[in-house]
Structures are given as structure tokens and as C-alpha cells.
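Observations on the three-dimensional arrangement
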Amino acid sequence: MDKFIIKGGNTLSGEVEISSAKNAVLPIIAATILSGDKCTILNCPMLLDVYVICDVLRSLGAKVEIESKNSTVNIDTSNLSDNKPCGDLVRKMRGSFLIMGAMISRFGSFKISLPGGCNIGTRPIDLHLKGFKALGAKVKIDHGYVQVSAEKLIGDKIYLDYPSVGATENIIMASVLAKGETIIENVAQEPEIGDLINFLNKMGAKVKGIGTDTLKVTGVEYLHGAKHRPIYDRIEAGTFMIAAGITRSKMKINGINHEHIKPVIAKLSEMGMDIQLYNNGLIIDGRNELKPIDIKTMPYPGFPTDMQPQMMSLLSCVLGTSVVTETIFENRFMHIAELKRMGANIKIDGRSAVIEGINKLTGAQVKATDLRAGAALILAGLESDGETEIVDIYHIDRGYSGIEKKLGLLGAEIKRVKDSSLDEELKVKNQ
Ligand code: EPU
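Reading the values: rules and limits
- Residues numbered from 1 in each chain as written.
- Predicted model: local features only at pLDDT ≥ 70, side-chain atom pairs only at ≥ 80, totals over all residues.
- Heavy atoms only, no water.
- Helix = DSSP H or I, 4+ residues; strand = E, 2+ residues; numbered from the N terminus.
- Rg over C-alpha atoms; globule rule 2.2 N^0.38 Å.
- Buried < 20%, exposed > 50% of the residue type's maximum accessible area, 1.4 Å probe, protein only.
- Areas by Shrake-Rupley, 256 points an atom, 1.4 Å probe, with all protein chains shown as cover.
- Lys, Arg positive; Asp, Glu negative; His and termini not counted.
- Charge placed at Lys NZ, Arg CZ, Asp CG, Glu CD.
- Pairing = 2+ DSSP bridges.
- Axes fitted to C-alpha atoms, helices over the stretch in contact; angles between N-to-C directions.
- Contact = heavy atoms within 4.5 Å.
- Near = heavy atom within 4 Å.
- Polar contact = N/O pair within 3.5 Å; in protein donor to acceptor, adjacent residues only side chain to side chain.
- Nonpolar A, V, L, I, M, F, W, Y, C, P; charged D, E, K, R; others polar.

1. Here we look at the overall build of the protein chain
The helix and strand tally for the protein chain stands at 15 helices and 23 strands. In summary, the protein chain has a C-alpha radius of gyration of 22 Å against a globular reference of 22 Å for 431 residues, a match within 12%. Taken along the three principal axes of its C-alpha coordinates, the protein chain extends 65 × 50 × 45 Å. Within the protein chain, the fraction of its 431 residues that count as buried is 58%. If you sum the accessible surface of the protein chain, you get close to 17,500 Å²; carbon and sulfur atoms cover 49% of it. A distance of 3 Å separates the average location of the 52 positive side-chain charges in the protein chain from that of its 51 negative side-chain charges.

Right, dumping it as C-alpha cells:
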């Protein structure tokens, strides 16, 4: 198991390139199931989560070629089968439940391990199942598995009680080959959903309503293969913007759709950071004196929950009182205990965290409890006095492609260390 060692205090400078979005690529890879033809994903980020979903598809009989040198993934799902086991892989990553909509669309029935909760919340799938049922499917939950089956999915009107990202994606994938028209109301409007729809429409699907709260899907008989370059990762971009703020540095970030990152730009500008936009990126200057702010996470276009932990690191070292309220996940404050080990002054009050900013954090041994919590600890480490050691960084590898290399090129002192004693410990536990 690897860990990161960070020597804090360096000023960063230069340019960084943002990768494609993990949360766009995962549903797009799941969508390749819908066609028996070959699909190609260009500029695919080489991430742990991508490898896992590719393994899930392989376990179902797909041929997946990952060309890491040129970041291309070729997927051929012509020999896919619905009766191969992929339970362990699905349990490894919640995101693999995204194959359900596409599998029932193509095969009429599919059984998969029920995804559990995770460190950020219980994360039920009731809305996904509500959508499948509305399309005429039968849902059976038994011994930790969920089986969804339908002779033929038939379009209907579906109202989502909450604009869930995953449920919206799964229901879209279930309805593109359904008979007739499906109207999905109160859908999530995250840019990654628009990207999935663009990919599906390239495959021959008929989905309208990108960026609105209602989608209209007209079922088609067949989808063909397609080639796609996913959108930039707005959360990776936001993480580097905060890196500029927390290290009081100026840097250029290439690979940003400004529209997608509006709430982060708005909040960092409100704090006093200077942000200049250009075509495909921005120049961010965090050298001004920064002010405390209040943040509330909301579904898109509100402030993203996936940026909340990183913002908390920044606010921990901005003098004054800030309040961060998490409304999306009920347990996304695990990073607070770790930030406190680094000297942060944060109190939790229900779903809000009250942060009294201090002058400087101090390096410590900390643990990445989930992906974005891990990113927040890297950022805190960059600012801190002394050395920070972050363990369990496999969480970070799930969603950031070579983050230590990118930060290293900007001037950070961060190295990845293989901890063989941890590997031994894990071996013993698994025996
Ligand atoms: N929810 C339900 N019932 C459902 C589905 C969701 O109650 O059937 C609840 C969840 O428990 C949660 C809220 O709705 O409290 C939002 O969940 P949502 O379904 O929108 O999230 P998701 O699809 O599970 C995706 C991203 C997350 C991101 C959220 C919110 C992927 C693979 N994951 O998760 O990304 O935080 O949307 O924007 O797209 C990350 O990248 O670190 C990450 C966690």
C-alpha cells in the first residue's frame, strides 16, 4: 500500500493540465454495453476506478484494451453475456452499479451485488430502482443481490424525488432502447450527465433536454459504436485552484470549462483570489489576503459536494470564521478529524462545520478516508509546517491521475512511498 510524504511550505508556479472527468468516464464506459459495436474513449484518465469498471466489463465478456500511453480505451461488447459473475468487482466500487441500466436494456434481466454504503454516507439505490420499475421492470432483492428483469422496457413518465446523479444516468441508459417515450423529471443536471447524453446520442440514441430538469428519451431499436472524448474534470480543476489558494501561489490551469466550475470560481473570487479566464483554462492568483466565507453544498449548479473537503482545508488556514454546510451526503465530514490532527480548529454542528482559521497548519500522520478527503489532506500538507504523511492513498488514486506528478511539476515536494509493512499487515489480515 502506498503513502504520500509531503514537505509543506513551497510556493507553486507554472502550468497544469487537467484530465478528463472520472465521473463522466465511468457512466460512458457503462454505456458501451448498450451497443454490440466497438466504442473508443479518447483522453481517458488512467485511474483506479476506470480500471475497476473496465474489469467489470471484462468479467461480463467484453474485450477492453487500455492504451495507457495515449490514454485511449477501446471496448468491444459484442460477446457480452448477462450470466457471468462480477460480484466482487461491483462491491469494490459503487460506481459499477451504473452498468445495471445498460444491462437490463440490452439483456432484459440482470443480477448484481447490492452496493453498500461507504465512508461518506449510506448511499441507497431506491431512486434507480424506482425508475426501472416505472419502465416496467420487476425488482427483487435477495441475499445481498438485486435482480432487475423486464421482458421489454416500456417508456413512461418518471419523477425523481431527488436529483440523484447515478439514478438519472442509470434511468437514461435503461430508457434509450425502451419502447416509446420516457420523460424523466427533476433529473440531476451535472455536466457529466450532459456528457453521457452526448455520447449516447452519438451512438444513435434520442435524448433531449441536456442541462434542464426534464429529459425526453425516445426509444430506438439499436445503438451503434461511437468515439468520444469526455469533458474535463471540474473537480480536479477545482482541487488545483485551491492548491493555488492554500499555497498563496499563482498558476495556470489548462483544461477547464468555465461554465462547469462557476460556483468554485465564485467562491474563490469572493475570498479574494484573482481569477482570469481564457479559452480553455484560467490563471489563478492566491497571493492576496484571503477572507473567510460560508459554503453550502447543493446539486449542480450549486457548490459541489466533491469540492467541500478541499475547501475546508483552505478555510482552515484563512483567518476568521467560515461555515461549511454539507447537504448532499450525511457523513462527508470524515476529513475533519484528520485536519484537526494537523492543527485545524473545526467544530461540527449537525450538518455544518464551523471553522476558525489559523495562521498555519502543522504536518502530521493522517489517513485518507475517501477520495476527496484524501485530496483535502494533500492540500493541507502543501500548506503545513513540516512533514505530512498520508496513508490509504488508494482512495486518492481512484479519482486523481498522477496527482503527485502534477503537483511536483508545479514545485510541490510530494513523494509516493511504498509501505511494505502495510502490505504485510494486509496479507496477514486476508489470510
Ligand atoms: N440517493 C438516494 N437514493 C438513490 C440515489 C441517491 O437517497 O437512489 C441520495 C444519496 O444517498 C446521496 C444523494 O442522493 O445522499 C446524492 O447521491 P447521487 O446519487 O447524486 O450521487 P452518486 O451518483 O452516488 C455521484 C458521484 C459522486 C458525487 C455525487 C454528487 C459518480 C460515480 N459519483 O455519486 O462522486 O459526489 O454524484 O455529485 O458520478 C466523487 O467523485 O468523489 C464522488 C463521490
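Let us keep going from here.
2. Thoughts on the sheet that holds strand β18 (residues 320-325)
Spatial ordering of the open sheet is given by β17-β18-β20-β19, a layout of four strands whose pairing is mixed. Only two strands of the sheet have a single partner each, and these edge strands are β17 (294-296) and β19 (345-349). Strand after strand, the sheet turns through a mean of 15 degrees between neighbouring axes, direction not considered. Relative to β18, β17 is paired through three bridges, and the arrangement is parallel. Each bridged residue has a counterpart across the sheet, and for D294 the counterpart in β18 is V323. Along the sheet face, helix α10 (residues 308-316) touches β17, β18, β19 and β20 (352-357) and points at about 30 degrees away from the line of β20.

3. Re the sheet that holds strand β23 (residues 413-418)
Taken in spatial order, the four strands make up an open sheet running β21-β22-β1-β23, and their pairing is mixed. At either margin of the open sheet sits one strand with a lone partner, and together these are β21 (365-367) and β23. For this sheet, the mean inter-axis angle between neighbouring strands, taken without regard to orientation, is 25 degrees. Examined bridge by bridge, β21 and strand β22 (residues 387-391) share three bridges and lie parallel to one another. Looking at the pairing, Q365 lines up with E389 of β22.

4. Re the site of the ligand
Around the ligand sit 20 residues in total, of which D126, L127, S164, D306 and I328 are the nearest. Backbone polar atom of V165 to an oxygen atom of the ligand: 2.8 Å apart, as the coordinates give it. Burial of the ligand by the protein amounts to 87% of the accessible area it has alone, namely 830 Å². Where the shell around the ligand is concerned, the elements lending two or more residues are α1 (22-31), α5 (126-134), α6 (165-175) and α12 (371-383). Ranked by residue count, the leading element in the shell around the ligand is α5, at three residues. Considering only residue class, the shell around the ligand consists of nine nonpolar, five polar and six charged.

5. So, the pairing of strand β5 (residues 72-76)
Of all five residues in β5, four are buried, a share of seventy percent or more. Across four bridges, strand β3 (residues 38-41) lies against β5 in antiparallel orientation. Its bridge partner lying in β5, T40 is registered against N74. Alignment of strand β4 (residues 63-67) against β5, held across five bridges, turns out to be antiparallel. Within β5, the position partnered with V64 by the bridge is I75.

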